[in-house]
Amino acid sequence: MNVITNYPPTAELQALDSAHHLHPFSHANALAESKPRVITSAKGVWLKDSDGHEIIDGMAGLWCVNIGYGRDELAEVAARQMKELPFYNTFFKTTHIPAIMLAKKLAELAPGDLNQVFFANGGSDANDTNIRLVRTYWAEKGEPQRDVIISRWNAYHGSTIGGASLGGMKGMHGQGGLPIPGIEFIDQPHWWAEGGDMTPEEFGLERARQLEAKIKEIGPERVAAFIAEPIQGAGGVIVPPETYWPEIQRIVKKYDILLIADEVICGFGRTGNWFGSQTVGISPDIMTIAKGLSSGYIPIGGSIVSDRVAEVLRDTEFNHGYTYSGHPVACAVALENLRIIEEEGMIENVRDVTAPYLREKWEALADHPLVGEAKIVGMMASLALTPDKSTRAVFAAETGTAGFICRDRCFANNIIMRSVGDRMIISPPLSITCDEIDILIARARKSLDEAYEKLK
Ligand code: PLP
């Protein structure tokens, strides 16, 4: 039963959508022509559209619905909190119980001495916070010239001016005059596409050492921080070679540079641990969080900050904050979401049962004639499509193979997968069962087969 009743039939909804709704990351005219699917309800890993199709959601919405759809507990907590205290701010000598309890819980879950939380509304504005936070940290330490943040080409860190500047997506920089000053980039550890004749291990070291070279080029006394996702998500689920992160950790330590781990996708169980930093073995000074924090049921994000950073910030007034920083309803929902993940042993189940099962099935897709490599960590995975596996060749851009499969064949086969360049990716809810994994894999393979027949 939809909350909004009395809505018009699908074709009319699509026409209204096209007339009045500007979609994120979309070409409006192309979308109007292809007609967006109208999603009406969801349960577990299944979406329903206005034509009655049942679609398996291989992307957990936008990498966020970690506990799966339709958990009434979160709705009930939201309703209770709205009745008790729907809003109050945390700006002016006031606080409230949901924000306190969520911050405490996050400090408990986060590794090392990451013990303080600054709340935001999502991942982009949390990364904006991080820019101001690290620059303020160094200014307070008497090194205001340390204002450069190093990121990576093809990184995604959000869509605000700050987030998109930290991101290394040239298409985003091209709109709106980005990046802002003081952001520098090194190359990504994407062996399949950029590794040439190097082994993955050699390549991982080479890419990590670009960080050291960049620090020396800028001058170590000017570098404030390095930001990266433990495993790149929106860049194409790019799993770095094993040599990469230990070398990055060595370099940031050597030059005393703050390490920001963007855990917006990797956090809250996606990689088989609470945080991706634990999976790749790093100790960040700041973690960006969002998405799985509330399983997408309500917007909330934040920065979890180490004691070392927080102690310095505590000595000054941080002139920064959002009306909805630590929104009581969002905090209460996030707390309930974390309770479910923890008490139901969702992360252990991913690590011990469903992720190994998915890995076996996913890696078997590498035998498909279109698939070059199949990469997977926990519940995030990608396929690199290629016309020639032996040379790791890419399809001509205009072929748009992965895009065609995901938008056309997957759409027809009632499975949501996403394309990034020549890669097809998934990031299903952590609640997916082994039987549902079988369905997901069968539909993915069918979509690949149909595309192969068409390309032949
Ligand atoms: N950082 C990463 C790694 C992301 O994947 C995203 C969103 O996909 C963001 C930041 C931005 O988060 P939001 O869309 O909640 O602003």
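See the structure above.
A few points on the structure.

Criteria and thresholds
Residues numbered from 1 in each chain as written. Predicted model: local features only at pLDDT ≥ 70, side-chain atom pairs only at ≥ 80, totals over all residues. Helix = DSSP H or I, 4+ residues; strand = E, 2+ residues; numbered from the N terminus. Buried ≥ 20, exposed ≤ 12 C-beta atoms within 10 Å, placed from the backbone. Contact = placed C-beta atoms within 7 Å. Core = buried A, V, L, I, M, F, W, Y, C linked by C-beta atoms within 7 Å. Pairing = 2+ DSSP bridges. Axes fitted to C-alpha atoms, helices over the stretch in contact; angles between N-to-C directions.

### Side note on the overall build of the protein
Alright, step 1. Each helix and strand counted, the protein has 17 helices and 15 strands in total.
Alright, step 2. Along the first, second and third principal axes, the C-alpha set of the protein runs to 65 × 60 × 45 Å.
Alright, step 3. For the protein, buried positions account for 47% of its 456 residues.
Alright, step 4. Sequence-distant contacts, at least 24 apart, represent 72% of the contacts inside the protein between residues at least 6 apart.

### Brief notes about the environment of V280
Alright, step 1. Here V280 lies in helix 12 (residues 276–280).
Alright, step 2. It is 8.3 Å that separates the C-alpha atoms of V280 and E242, two residues lying 38 residues apart in sequence.
Alright, step 3. Discounting chain neighbours no more than four positions away, the residues touching V280 are P230 and W245.

### Comments concerning the nonpolar core
Alright, step 1. The biggest cluster of nonpolar side chains holds 125 residues, and the ones touching the most others in it are I149, A225, F226, L258, I304, A334 and M417.
Alright, step 2. Broken down by element, this core gets its largest block of residues, 9 residues, from helix 14 (residues 328–343).
Alright, step 3. Each residue touching I304, except ones within four places of it in the same chain, is listed here: L106, A110, L114, V117, I286, M287 and I289.

### Things to note about the sheet that holds strand 5 (residues 148–152)
Alright, step 1. Reading across from one edge, 4-10-9-8-7-5-6 is the order of the 7 strands in this open sheet, with mixed pairing throughout. One side of each edge strand has no neighbouring strand; the edge strands of this open sheet are strand 4 (114–120) and strand 6 (183–186). With strand direction ignored, the average angle separating the axes of adjacent strands in the sheet is 25°.
Alright, step 2. Examined bridge by bridge, strand 4 and strand 10 (residues 301–306) share 6 bridges and lie antiparallel to one another. Within the sheet, the bridge partner assigned to Q116 lies in strand 10 and is V305.
Alright, step 3. Packed onto the sheet, helix 6 (residues 123–140) meets strand 4, strand 5, strand 7 (223–228), strand 8 (258–262), strand 9 (286–289) and strand 10 and runs at close to 30° relative to strand 10.
Alright, step 4. Across the sheet, helix 10 (residues 200–218) touches strand 5, strand 6 and strand 7, and the angle it forms with strand 6 is around 145°.

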